[in-house]
Amino acid sequence: MPDRPDQFVIKGGRVVDTNGDRVADVLVQGGVVAAVGRRVEGAPVLDAAGCVVAPGLVDLHVHLREPGDEDAETIETGARAAALGGFTAVVAMPNTRPPLDDAAVVASVLAAGRTAPCDVVASGCITKGRAGGELAPMGELHALGVRIFTDDGAHVGDAGVMRNALEYAGSLPGAVIAQHAEDPTLAAGGHMHEGAWSSRLGIPGRPGAAEATVVARDVMLAELTDTPVHFLHLSTAAAVDIVRDAKRRGISVTAEVAPHHFTLTDAECRTFDPVFKVHPPLRTDADVAAIKEGLADGTIDAIATDHAPHVPEAKEQPFEEAPPGMLGLETAFALTLGELVEPGVLGLADALACLSWRPAAIAGLDGHGGPIEPGRPANLCVVDPAVRWEVDPSRLASRSRNTPYAGRKLTGRVRHTVLHGEPVVVDGIAQR
Amino acid sequence: MNDLLSIDDLGPAGIDELLALSESFVEVTRRDIPKIPALRGKTIVTLFYEDSTRTRLSFETAAKRLTADTMSFTAASSAVGKGESLLDTVRTIEAMGVDAMVVRHQCAGAPHRIASWIDAAVVNAGDGRHEHPTQALLDLLTLRRRLGSDAFRGLRVGIVGDVRHSRVARSGVKAFDAVGADVTVIGPPTLLPESLDGWPARATTDLDDALPELDVVYLLRIQRERLGSALLPSLREYTSRYGLTAERAARLKPDTVVMHPGPMNRGVEIAAEVADGPASIITEQVANGVAVRMAVLWSLLGSGAPVA
C-alpha cells in the first residue's frame, strides 16, 4: 500500500454489519465508504480473501495511562495496540494522574489522541478526584465531547451522590453514567474472587455479592431517575440476572463484560502469579457460564477489554501487593471468536455487535460501528477468522507485557484496520 | 524436592521420610555438642518480612547445628524501607551466594514467587494466610513422639479458632489428613474459611459438641484485630464459646493432648492451667521445631550421605 492512499478497495471479503452478511468489495474514497458491492473496481487493493470485513471495533473500556503513568502505556502505544486489535475507537478511562475530572486534562488527552492510529474518546469522572463526593464538572466535560462518565477503578458508593449524578447527567444529551460495581466495604482487603480457591490459597477474597449488591442498587437508581446506567465489566452470575430482570422491566441499563471474565476463572490464581489479578476478579465456572448466557440472550450489550497495562515491576510482586489489571486490546477479538463464536454461544454478527455497533451506540459514536454503506466514515476492520497464532508478550504493541494469555494459541486475528479511510494496520502490521 | 513451599509438595511418603529424619536429628540435638558438619560450606539466609522470633530463631539454630553459615534479613532493618522491591532484594541476596532462603512474608504465595525467580532452595516459613509447612511437620513430629508412629490413622484432630486467617491451619489440615487423621475445624462462622470446598476437613461451630470426641485439641491464636473488623464481639465472648477453659479441659478424654503453635494468649483461647497442664504438649512443639527444620534443610541441601 502506498502511504495514505486517498482511495483503495477492500477486495474479496465477507462484509458483516447491521445490514447483514454478504460477500462484497468495499471501495474507500476520501475517508468514507464510496461503494459496497460485487466486483467493485479500484486500486490499490487491500486483500480480504477469506476474511470478514466489519465496522471497526469499539472498546468502551481501556486504560491508556496517560497522563501520569506513561511508562506503562501512552495514548500512542495504547492506540496502536487498539488498532492492531481491530479497534477504531476506544474510550479512555479517567483514572489517570491527574484524573479526567477537569476540562484541561480531558482536552490534553483528546489532543494527544488526534494523531493516534485509533480514535481516542475520553471518558470523564463522575466525582472530583474519583473520590465519590463532589460532582466533577460534567457539563464542561460534556461540551468537550465526553459522553461516558465513570469513576472506574473506584465505585460511587454513596447512593445519594449516585442519584444526583444520574439526575444531573439527565440534562446532558447522550451522557451515560457508568459504574464500576464493587462495594469496597465488601471487597475490602480482597485480591481475588472469594470462594473455594481463595479459601484454599489463603488469599483474601472479594465476594461476588460486592458486585451484585451495587448493580441491584443502581438499577433502582436508574429507575428512580429515569436515566441510563451502564455497568462496567460485569463478572458474576448474580449481576447478570439482575441486569436481565431490569431490562425486562424496561429500565434503561446496559452492561459490558471483559474477555477475561468469559475466558479465565479464579483457578488461575493458584500459581500466585499476579498477572491473573484483576478487579473485579476472575470468577468461577458458573459465573463464566452465566456471562455467556447473558451475552447469548442480549442481557450483556458489549464486550470491552478493560485493557490495563502495568510495568513489569508492578507485577513482579506477591499477588496481594501487585496492582490489579491485565492487557486486553490485542487479544479481545480472538478470544471472542474462540470462546463465544466457535462454541456457538454467539453468531459472528452478534459477536461483532458486542464488539462494534452496540458499544458505539452506548458511547454515542455516530462515526463508528457501521453500517458499511456509501457515505459512512470508513472505520473498518478486516479480520482473518482462521489464522492461528500464539500470544507472545514481547511482540505486543502495548508498552506493557501483562497479558494473562502468554503462550496461549488463539484463532483469528486482525489483518487490516482502516481509520477514517486510512489503512492504519495492513497485514497485521501497524502503519504508524 | 527443590523447595518446601507447601505441604502439597511432600505427600504422605515425603512427610513420613521427613519425620523419620527429624527423629534422628532430635537425637543430635540432645548430644553434649549438638552439632554435625552435614551442611558445612552451605549458606542459608532467613528472609523475614514479618516479625517472628520463634520461627526465625528455630531455623537459624537448625542451620547452625548443621554447621551451615547463616545470614539474617529482616524487613525492618533493610533496604525495603528505601523502596527496594522483593524481586530486587532476593536477587541481591542470591548474588551473595546463598544455597537456601527461608522466607516469611505477609503475602500468600510470596515464597512461590521467589522460588520462580531464583535458583536457591526456598523454604516457606509462613506466607500470609496460606501455609506454614514446617509448623505442621513439627506438630506431627511432636504427636508421633508422644503417641507413637502408628497413632495417626483415625486420630481425631480438632483445630479450634481463627482458621480463616491461619496459615498454621491450612498446612495443618493438609498434613493431618495426609497421615490419616480425621480433621475437624471449629470456630465461629466468621473465623471459619468462606469455603471448605477442597479442604479434607469437616467444620462445626459447636466446640462443646465436638470436644468429647477429640484426641487432639489444636488451638489457634486469636488476634485482637479481629474485633475491629466485626468478626468477633469480644475476646471474653470468644473465650466463653471457644476458649479451652479448665472446665472444658476437664471434659476431654483422659489421653487427649492439647497443642498450640504459639505465641499463646493465655486466658483467651487457652487457660493458663491448661497450657501448663499434663495434657499440654506445647513446649515439646517448640523443642521439636529445631529438629524438623534441620531435617528440611538437610533434605534440600544435604549431599545424601548418612546424617550423623
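Predicted model only: the values in this text are computed from it and were never measured.

*Asks:* Got a minute to help me understand the overall build of chain A in this structure?
*Replies:* Per the secondary structure count, chain A includes 13 helices and 19 strands. The dimensions of chain A, computed from C-alpha atoms along their principal axes, are 60 × 50 × 40 Å. Taking all 432 residues of chain A together, 59% fall into the buried category. When contacts within chain A are restricted to residue pairs at least 6 apart in sequence, those whose partners lie at least 24 apart make up 75%.

*Asks:* Is there a simple way to think about the domain arrangement of chain A in this case?
*Replies:* How big an interface is tends to be expressed through the accessible area that disappears when the partners come together. Residues and elements named next belong to chain A. Domain assignment breaks chain A into domain 1 (7-53 + 375-430) and domain 2 (56-362). Spacing between the C-alpha centres of domain 1 and domain 2 amounts to 25 Å. Between domain 1 and domain 2, the contact holds 30 residues from the first and 40 residues from the second. When residues of the side of domain 1 that touches domain 2 are traced back to their parent elements, those giving at least two are β16 (380-390), β17 (409-419) and β18 (422-426). A per-element tally of the side of domain 1 that touches domain 2 places β17 first, with 7 residues. A breakdown of the residues in the side of domain 1 that touches domain 2 according to their chemical character gives 17 nonpolar, 9 polar and 4 charged.

*Asks:* Can you help me understand the pairing of strand β6 (residues 182-186) of chain B in this one?
*Replies:* In the case of a regular strand, side chains alternate between the two sheet surfaces. All names here are of chain B. In this structure, strand β5 (residues 156-160) lies alongside β6, joined through 5 bridges in parallel fashion. Counterpart to G158 in the pairing with β6 is T184. In this fold, the crossover linking β5 to β6 by way of helix α6 (residues 167-178) has right-handed handedness.

*Asks:* Would you mind showing me how to read helix α4 (residues 159-169) of chain A here?
*Replies:* Because the α-helix completes a turn every 3.6 residues, residues three or four places apart line up on one side. Residue and element names in this part refer to chain A. Taken residue by residue, α4 has M162, A165, L166 and A169 as its buried positions. Burial along α4 is one-sided: seen end-on, the buried residues are contained in an arc of 95 degrees. Those residues of α4 that are buried are in contact with α3 (138-143), β9 (148-150), β10 (176-179), α7 (209-225) and β13 (229-231).

*Asks:* What's the story with the sheet that holds strand β1 (residues 43-48) of chain B in this structure? I'm lost.
*Replies:* Through backbone hydrogen bonds, the strands of a sheet pair up, either in parallel or in antiparallel fashion. Residues and elements named next belong to chain B. Ordered in space as β2-β1-β3-β4, the 4 strands form an open sheet in which the pairing is parallel. Sheet topology places β2 (69-74) and β4 (121-127) at the edges, where each strand pairs with a single neighbour. Between one strand axis and the next, the sheet turns by 15 degrees as a mean value, whatever way the strands run.

*Asks:* Can you help me understand the interface of chain A and chain B in this one?
*Replies:* Every contact between the two is made by 18 residues of chain A and, on the other side, 20 residues of chain B. Residue contributions to the side of chain A that touches chain B peak at 5 residues, all from helix α6 (residues 196-201) of chain A. Per-class residue counts for the side of chain A that touches chain B are 6 nonpolar, 6 polar and 6 charged.

*Asks:* Before we go on, may I ask you to explain the nonpolar core in this structure?
*Replies:* Taken as a class, soluble globular proteins show a tendency for nonpolar side chains to be buried jointly. Counting residues in hydrophobic clusters, the biggest one holds 231 residues, and the most contacted among them are V26(A), V53(A), F149(A), A100(B), M101(B), I159(B) and L297(B). A total of 11 residues in this core trace back to one element, the largest contributor, which is helix α12 (residues 282-301) of chain B. When near neighbours in sequence (up to four residues on either side) are disregarded, F149(A) contacts S123(A), G124(A), C125(A), I126(A), M138(A), A169(A), A175(A), V176(A), I177(A) and A178(A).

*Asks:* What is the right way to look at the sheet that holds β9(A) in this model?
*Replies:* Spatially, the 5 strands line up as an open sheet ordered β9-β10-β13-β14-β15 (chain A), and their pairing is parallel. Sheet topology places β9 and β15 (302-303) of chain A at the edges, where each strand pairs with a single neighbour.

*Asks:* What am I meant to see in the confidence of the model for chain B here?
*Replies:* Note: predicted coordinates in regions of low pLDDT should not be interpreted at a detailed level. Across chain B, the average pLDDT comes to 94, with 97% of residues at or above 70. Overall fold confidence (pTM) sits at 0.96, and the ipTM for the predicted complex is 0.94.

*Asks:* What am I meant to see in the domain arrangement of chain B here?
*Replies:* All names here are of chain B. What the domain assignment reports for chain B is domain 1 (7-131 + 286-301) and domain 2 (133-285). Taking only C-alpha atoms into account, the centre of domain 1 sits 25 Å from that of domain 2. Taken together, the contact between domain 1 and domain 2 spans 25 residues of the former and 22 residues of the latter. Contributions of two or more residues to the side of domain 1 that touches domain 2 are made by α1 (11-29), β4 and α12. The biggest single contributor to the side of domain 1 that touches domain 2 is α12, with 8 residues.

Thresholds, definitions, all that
- Residues numbered from 1 in each chain as written.
- Chains lettered and ligands numbered in written order.
- Predicted model: local features only at pLDDT ≥ 70, side-chain atom pairs only at ≥ 80, totals over all residues.
- Helix = DSSP H or I, 4+ residues; strand = E, 2+ residues; numbered from the N terminus.
- Buried ≥ 20, exposed ≤ 12 C-beta atoms within 10 Å, placed from the backbone.
- Contact = placed C-beta atoms within 7 Å.
- Domains from an automatic or database assignment.
- Nonpolar A, V, L, I, M, F, W, Y, C, P; charged D, E, K, R; others polar.
- Pairing = 2+ DSSP bridges.
- Right-handed = clockwise from strand over helix to strand, strands pointing away.
- Arc of directions from axis to C-beta.
- Axes fitted to C-alpha atoms, helices over the stretch in contact; angles between N-to-C directions.
- Core = buried A, V, L, I, M, F, W, Y, C linked by C-beta atoms within 7 Å.
- pLDDT = per-residue confidence, 0-100.

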